[in-house]
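Overview (structure and organization)
Each chain, letter by letter, is given below.
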Amino acid sequence: MSKLAEQVTDVRWVYAFGGGDSDGEASMKNLLGGKGANLAEMAKLGLPVPPGFTITTEVCTEYYKLGEKYPDTLAGQVEAALIDLEEKTGKKFGEASNPLLVSVRSGARASMPGMMDTVLNLGLNDKTAEGLAELSGDRRFAFDSYRRFIQMYSNVVLDLPHHEFEHILDTYKEQNEFDVDTQLSADDWMDVIKQYKAAVAKLSDKPFPEDPMEQLWGAVSAVFGSWMNDRAILYRKLNDIPQEWGTAVNVQSMVFGNMGDTSATGVAFTRDPSTGENMFYGEFLVNAQGEDVVAGIRTPAPISKARAAKINSDLVSLEEEMPAVYNQLIEVAQTLESHYRDMQDIEFTVENNILYMLQTRNGKRTAGAALKIAVDMAAEGLITEKEAVLRLEPAQLDQLLHPTISPNATRDMLVQGLPASPGAAVGKVVFSSDKAAEMAADGHKVILVRQETSPEDIHGMHAAQAIVTSRGGMTSHAAVVARGMGRPCVCGAGEMQIKEAEGVFRVFGREVREGDVITVDGAAGQVLMGEVDMIEPDLSGDFGQLMEWADGVRTLKVRTNAETPEDVRTAKSFGAEGIGLCRTEHMFFDAERIPVVRAMILASDTAGRKEALAKLLPFQREDFVEIFSIMEDRPCTIRLLDPPLHEFLPHTDDDIAEVAKGTGLDAEDLKARAEELAESNPMLGHRGCRLGITYPEIYEMQARAIFEAALQVAKDTSFKPVPEIMIPLVGTKKELSILKERVDAMAKEVFAAAGTSVDYLVGTMIELPRAALKAGEIAEDAEFFSFGTNDLTQTALGISRDDAGRFLTAYEDKGIYEKDPFVTLDQEGVGELVKIGVERGKATRPDIKLGICGEHGGDPASVIFCHNAGLNYVSCSPYRVPIARLAAAHAVLKS
């Protein structure tokens, strides 16, 4: 226990780490944040961690509860922590001759790279800078550190524009013909510092703060304030991080990577975060501080010789530059990966050939890397197969299920950069994040092209299909954030001359303007002109292995929503175990069929409708033959006609005239019938089972087509199709009873004529609150329930899915809904109706089959709910089938 811990008798707000002991450990991430907990853990492991202290996440919560004020006892605990830190380092905070300098960094419990603020070299002023110069024997280093502090503090704490200081520095370098920062002498930095201070006084109407304690509390408040900045709020929303978690603040004694050629700073990963390859991966800069590596101002060098060779870098690696430090870093990296049993993202500084560890955390990685790392670590015995399944978030699979550039495609390469984040994307060039977000909102696919990105660009990066930067390396902001988002990214394409104001970039004599289409190959680090051919993903190898492990764990079946042969085949290849929703109305819009459907709608009597339906029967039968043949023995739930009939008719005069001309139908009849069928609220109108009650011949034709197709496939193949006929929009037992009787009668007729039969079920879609409440009665006839949560959400919440976009964002921002209820199931409201339907349905029919077929069937959080609610299966779109399979496995492993 530290001296600090011994002194605290009240609520504890501050925890010390380093200097031989730590008050915290890795398991205290909720209290200390990820960074603070891991610093404490590394110190406990005996690794070289500069000492410091953590102000807990609970202070952040209190800070906002108290109207951005601190708890009364915090100041005393911080002062005690500073005294403890002074004793550990042998330095004094604010003392000119032997100054203690610190960094102040954020550290939420969930990693949020680049989203919140950091201040380095805090404690410097005119006097302590002179003391640091005297103590280090290097005036250039001391005043380089001082100008960095002024620039960072002014931006982060005083909220002054970063570009003001960049402009001062760039102008000074131009006037003195300097190319890089390292050419500036101590006297140069002192001149720059004077200009920086003058800018602060002019922009803020007060001088730069000289008092170290004032500096410290300003920085701490800025970090807590950054928890609620726009980019952090957006990042939390995108990554499901609750606001109430808050952030911790880590105050740590400084070590300096900018003390000359024997000092350096870097970022490393114990495995390749882009591919998952078991290769030590990272970048470093000699004579630099940590922000330089990610800022993209200087091009960092690879950590290892192997990595340098792989990316054809001619820069000197750390392995060659500082071999002893490199070997020690390798040992530390192996220790951390073995201890945490996961790939680690580590930050380090070398001061005069001495290695210091500044951070470790589970590294952000692409979906492909996460997959490979999980399977490899299971094979290495580092984790179990079940742990490997949990290492890949279901939503990440989306990155693996989409096309990449065809190896045979013609590549018109504009520029080669660094392969910062894999994947491929096509889009229109935009040069600002605001433009990216605006165009994406209008439905355009865009590629964000920037010199470099910063945390302010997160909304544009999220809107873009891919990101390209002319500066920055593999651990730059653009690279790290793109990998986390699953966006393809090319960084460090230095030959690009980007002129944002002109809306153009130029490269090797070529000119690409805003709005031009380019293709980004993140895996190869290439930017290509135009749209390039893509190929489907390979779902064998590691993917197949992990999904096999997931399938061995889950109990929830996964089906698909599909009705075209292409979609059915795709879903089957992704592991669909049946069809949970075949929407028969989609089959009616085919060019050959729609005239017949319209003739049926225009018919004035039952005989006319039956005549038209007889022409539709062969089409429907062939549809089902193809579906049953593809799905073989897997169950297929087929929903009988659901939408109102007016959806099949033209509505404008021009459309009516065109249809009449093409079909021979009378234009006036078409117009009159469309007006007759028009409804004020068609979602709650003459649709679903109401069509079957009023026009029973429609459902009879569909039932005949299903049974005849099933018999034909059973006869022609060794498979035994399992049709499940679903009656939509049932709200009463009587509706289902009437229609089930007609379906059963048709089955009896078809089977008698064929002299054979197949097994089948008749059930209903639960999509009305009344149906959920009366599920016990409805289950007397229904052999299965499929919860249609799209419409159940609309009818339960009283919200039109088509119109909700006008206000749902505001509802989410105000916390009325945590998430869009049409994306993630409203478990408290709609979920309660599902639970009631399950409970009452099972009470009547214990063996009733239960599923869900709304879009929620592919949402990981909703899949877990379905598992816990006792459903037998979920059904989702084809490309979300693997996501649902993995989510179903997570549901078992996390329960």
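Right, let's get into the pattern of salt bridges. Counted under the stated rule, the structure contains 59 salt bridges. For the salt bridge of arginine 621 with glutamate 708, the shortest nitrogen-to-oxygen distance reads 2.6 Å. Of this pair, arginine 621 sits in helix α23 (residues 606–631) while glutamate 708 sits in helix α27 (residues 696–716); the two residues are 87 residues apart in sequence, bridging distant segments of the chain. Residue arginine 621 is classed as partly exposed on the basis of its relative accessible area of 24%. Residue glutamate 708 is classed as partly exposed on the basis of its relative accessible area of 21%. Taking the shortest distance from any N to any O, the salt bridge between arginine 704 and glutamate 749 comes out at 2.4 Å. Here glutamate 749 lies in helix α28 (residues 733–754) and arginine 704 lies in helix α27, a separation of 45 residues in the sequence.

Locating asparagine 250 in the fold gives a position in strand β5 (residues 247–253). Owing to a relative accessible area of 2%, asparagine 250 belongs among the buried residues under this scheme. Placed 53 residues apart in sequence, asparagine 250 and lysine 197 show a C-alpha to C-alpha distance of 27 Å. Leaving out residues up to four positions away in the same chain, asparagine 250 has contacts with Phe17, Lys35, Gly36, Leu39, Phe53, Thr54, Ser103, Val104, Arg105, Ser106 and Gly107. A polar contact is formed between the side chain of asparagine 250 and the side chain of threonine 54, at a distance of 2.8 Å.

A word on empty space enclosed by the protein. Within this structure, the stated rule accounts for two cavities of 30 Å³ or more. Approximately 110 Å³ is the volume found for the largest cavity. Lining of the largest cavity is provided by 14 residues; of these, Arg105, Met254, Val255, Thr349 and Leu358 occupy positions nearest its centre. Of the residues that constitute the lining of the largest cavity, the class distribution is five nonpolar, eight polar and one charged. Size it by volume and the second largest cavity reaches roughly 30 Å³. Forming the walls of the second largest cavity are Pro696, Tyr699, Glu700, Leu739, Arg742 and Val743. If you list the elements that add at least two residues to the lining of the second largest cavity, you get α27 and α28.

In this section: the sheet that holds strand β7 (residues 281–286). With respect to topology, five strands assemble into an open sheet ordered β8-β7-β6-β9-β10, the strand pairing being antiparallel. Two strands bound the open sheet, and with one partner strand each, they are β8 (301–302) and β10 (354–362). Where β7 lies against β8, two bridges are found, and the strand directions are antiparallel. Note that in β8 the partner of glutamate 283 across the bridge is proline 302. Strands in contact with helix α14 (residues 323–340) are β9 (344–351) and β10; relative to β10, the strand with the most contacts, it is inclined by about 30°.

This part covers the pairing of β7. Within β7, six of the six residues are buried, which leaves the element mostly enclosed by the surrounding structure. Pairing analysis gives six bridges linking strand β6 (residues 264–269) to β7, with the strands arranged antiparallel. Within β7, the residue paired with alanine 268 across the bridge is glycine 282.

We now examine the packing of aromatic side chains. Enumeration according to the criterion identifies 21 aromatic pairs in this entry. The interplanar angle of 50° and the centroid separation of 6.0 Å between the aromatic rings of phenylalanine 588 and phenylalanine 648 together place this pair among those described as tilted. Here phenylalanine 648 lies in the loop between β26 (635–639) and α24 (653–663) and phenylalanine 588 lies in the loop between β25 (579–583) and α22 (594–602), a separation of 60 residues in the sequence. Phenylalanine 648 gets classed as buried once you look at its relative accessible area, which sits at 1%. One aromatic cluster in this structure is built from Tyr63, Tyr64, Tyr70, Trp217 and Phe224. Stacked on the ring of tyrosine 15, the Lys or Arg arginine 12 has its end atom at 4.0 Å from the ring centre. Just above the ring of tyrosine 873 sits the side chain of arginine 559; from NZ or CZ to the centre is 3.9 Å.

Residue position: leucine 315 is located in the loop between α12 (305–310) and α13 (318–321). You can call leucine 315 partly exposed: its relative accessible area is 35%. The spacing of leucine 315 and proline 99 is 216 residues in sequence and 35 Å in space, taken between C-alpha atoms. Contact partners of leucine 315, with chain neighbours within four places excluded, come to Thr299, Pro300, Ala301 and Pro302.

Where nonpolar side chains cluster on the molecular surface, the patch consists of Phe807, Tyr811 and Ile816 and spans about 250 Å² of accessible area. Following the sequence through the fold, isoleucine 816 ends up in the loop between α32 (808–813) and α33 (830–844).

Here we take up helix α2 (residues 29–44). For α2, which comprises 16 residues, the first-to-last C-alpha distance of 15 Å sits more than 12% below the rise-based estimate of 22 Å (1.5 Å per residue). At lysine 35, α2 is bent by approximately 80°, the largest bend along its length. In terms of residue burial, α2 counts as a mostly covered element, since 13 of its 16 residues are buried.

About the criteria used
- Residues numbered from 1 in each chain as written.
- Predicted model: local features only at pLDDT ≥ 70, side-chain atom pairs only at ≥ 80, totals over all residues.
- Heavy atoms only, no water.
- Salt bridge = Lys/Arg side-chain N within 4 Å of Asp/Glu carboxyl O.
- Helix = DSSP H or I, 4+ residues; strand = E, 2+ residues; numbered from the N terminus.
- Buried < 20%, exposed > 50% of the residue type's maximum accessible area, 1.4 Å probe, protein only.
- Contact = heavy atoms within 4.5 Å.
- Polar contact = N/O pair within 3.5 Å; in protein donor to acceptor, adjacent residues only side chain to side chain.
- 1 Å grid on protein atoms, 1.4 Å probe; cavity = no way out; pocket = protein on both sides within 12 Å on 5 of 7 lines; lining within 4 Å.
- Points joined across faces, edges and corners; volume = space filled by probe spheres on them.
- Nonpolar A, V, L, I, M, F, W, Y, C, P; charged D, E, K, R; others polar.
- Pairing = 2+ DSSP bridges.
- Axes fitted to C-alpha atoms, helices over the stretch in contact; angles between N-to-C directions.
- Phe/Tyr/Trp six-rings, centres within 6.5 Å; stacked < 30°, edge-to-face > 60°.
- Lys NZ or Arg CZ within 6 Å of the ring centre and 35° of its normal.
- Patch = residues over 30% accessible without salt bridge, like charges linked within 9 Å, V, L, I, M, F, W, Y side chains within 5 Å.
- Areas by Shrake-Rupley, 256 points an atom, 1.4 Å probe, with all protein chains shown as cover.
- Expected span 1.5 Å × (residues − 1).
- Bend = angle between axes of the 7 residues up to and from the residue.

Purely spatial values, then, with no claim about function.
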